[in-house]
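Letter by letter, the chains look like this.
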Amino acid sequence: MTDTSPAPFTEQDYAARMYRAAREAALVGLSGLLVTPGPDLVWMCGYRPPAVTEHLTLLVLAADSEPYLLVPALERGDAQAAPGAGAVRITAWQDGQDAYAAAAGLLRAHGRYGVSDGTWAVHLLGLQAALPLSSYRPLSTALPLLRAVKDERELARLTAAGAAADAAYADLLGVRFAGRREREVADVLARLLRDHGHERVEFTVVGSGPNGADPHHMAGDRRIEDGDMVVLDFGGLKDGYGSDTTRTVHVGEPTVEERAVHEVVRAAQQAAFEAVKPGVPCQEIDRAARAVITDAGYGAYFTHRTGHGIGVSTHEPPYLVEGEHSPLAPGMCFSIEPGVYLPGRFGVRVEDIVSCGQDGGRRLNTTSRELAVVG
Ligand code: ZN
Ligand code: ZN
Ligand code: ZN
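Residues numbered from 1 in each chain as written. Chains lettered and ligands numbered in written order. Predicted model: local features only at pLDDT ≥ 70, side-chain atom pairs only at ≥ 80, totals over all residues. Heavy atoms only, no water.

A. A look at the layout of surface pockets. Size it by volume and the largest pocket reaches roughly 360 Å³. For the lining of the largest pocket, the elements supplying multiple residues, two or more each, are strand 7 (200-208) and strand 11 (307-309). Its residues assigned to classes, the lining of the largest pocket comprises four nonpolar, eight polar and six charged. (1 Å grid on protein atoms, 1.4 Å probe; cavity = no way out; pocket = protein on both sides within 12 Å on 5 of 7 lines; lining within 4 Å. Points joined across faces, edges and corners; volume = space filled by probe spheres on them. Helix = DSSP H or I, 4+ residues; strand = E, 2+ residues; numbered from the N terminus. Nonpolar A, V, L, I, M, F, W, Y, C, P; charged D, E, K, R; others polar.)

Structure below.
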């Protein structure tokens, strides 16, 4: 099957995103937004610097001014090649010059700014030293849902990324698990994600047997054995948008208990999926999954939130967690990934990316959620 890349976003698309971001910043009382390399910058103007370094790169957005992108002079050419470059005014600072003084020239002395979460401390401290009366809030606190609602073209990319991850999983079911180390299976999984069009692999969790009971386990040297449950959680970026899916498989015939635990998690994932509707608070999706697992007696073993948003990054707001009252809205995309983790024994997690439509959820991962038996 041939895979064609989607048409790139245009200068107008980026201009509209930056305009909206600056306006929303003003509405919450900010002088503007300071965006540094990472998902925010990619989303706003399509620019990913060749490397993220101690050299300051800063996009300055304010409702009363055009967007400025301050870059190291050596990277001016890279910035000019970004698809959204035409929508920003690029200005460069020279090596040896004080980058923070250059940035201060674009900012207000008493400004209150929202700043990208991933901004290096050295940059934020440099800005604060240059403008001692300015103040800052993390963008995820100031405007948590800025990137949460996806437009049609973003949804198409997320759908394609999900399908590619699903294709990788389908291929993986045919490989041998028994006798191999987790790391080896993780390597195969990474290769399959790339084969199916991911330009970036972000994580390939292979949690076999007791390792599966640790939700943060990645992949280690443990040799997978016949009788193991294996949690497979993997994703990355395809055409700039994220995938993230989990299936739990079993090596050989599962026991009655293993099947039962898997079925509880699958049912919880289904219940949470069915709860998706515009206007429903995020925490209700978490509650729907948790109710099923608690009723089955495993509530104490579901030790993490039910899901997270996804877009140009694989983990972002909204978070589906108790206490998150933000209502779901059409176009939001997020994971639904309940799990049960039995310490020292095994874990089960089932995860799909789901988009919120007008009438309910749509799964962007469509592989079988039944417990697959592998060799
Ligand atoms: Zn087993
Ligand atoms: Zn995941
Ligand atoms: Zn996830």
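B. Broad picture of the coordination of the zinc ion (ligand 2). Here the zinc ion (ligand 2) is held by the protein donor atoms D233 (OD), D233 (OD), D244 (OD) and E351 (OE), which lie 2.0 to 2.6 Å from it. The distance between the zinc ion (ligand 2) and the zinc ion (ligand 3) comes to 3.0 Å, and D244 binds to both of them. Linking D233 in strand 8 (residues 229-238) with E351 in the loop between strand 15 (346-349) and strand 16 (352-356), this pair joins segments that are 118 residues apart in sequence. The exposure class assigned to E351 is buried, which follows from its relative accessible area of 0%. (Donors = N, O, S within 2.8 Å, 3.2 Å for Na, K, Ca; no water. Buried < 20%, exposed > 50% of the residue type's maximum accessible area, 1.4 Å probe, protein only.)

C. Inspection of empty space enclosed by the protein at higher detail. With the rule as written, the count across this model stands at two cavities of 30 Å³ or more. Roughly 90 Å³ of internal volume is contained in the largest cavity. Residue lining of the largest cavity: 15 residues in total, with P37, V52, T53, H55 and H123 positioned closest to the centre. Grouping the amino acids of the lining of the largest cavity by side-chain chemistry returns seven nonpolar, seven polar and one charged. The volume enclosed by the second largest cavity comes to roughly 30 Å³. In terms of lining, the second largest cavity is formed by H55, P72, A73, L74, W93, Q94 and D95.

D. Summary view of the sheet that holds strand 3 (residues 68-72). Pairing is mixed in the open sheet, where six strands are placed in the order 4-3-2-1-5-6. Both outer strands of the open sheet, strand 4 (89-93) and strand 6 (135-138), are each paired with one neighbouring strand and no more. Mean inter-strand twist for the sheet, computed between neighbouring axes without regard to direction, equals 25°. Here strand 1 (residues 32-35) runs beside strand 5 (residues 112-115); their pairing, made up of three bridges, is parallel. (Pairing = 2+ DSSP bridges. Axes fitted to C-alpha atoms, helices over the stretch in contact; angles between N-to-C directions.)

E. Here's a closer look at the coordination of the zinc ion (ligand 1). Within the protein, the zinc ion (ligand 1) binds to G227 (O), H250 (NE2), E258 (OE) and E258 (OE); these donor distances fall in the range 2.0 to 2.5 Å. Coordination at the zinc ion (ligand 1) comes from four donor atoms whose angles at the metal span 58 to 163°, giving a geometry best classed as irregular. Judged by its relative accessible area of 33%, G227 is partly exposed. Take E258: its relative accessible area is 8%, and that puts it in the buried class. (Tetrahedral: all angles 85-135°; square planar, octahedral: opposite > 155°, others 65-115°.)

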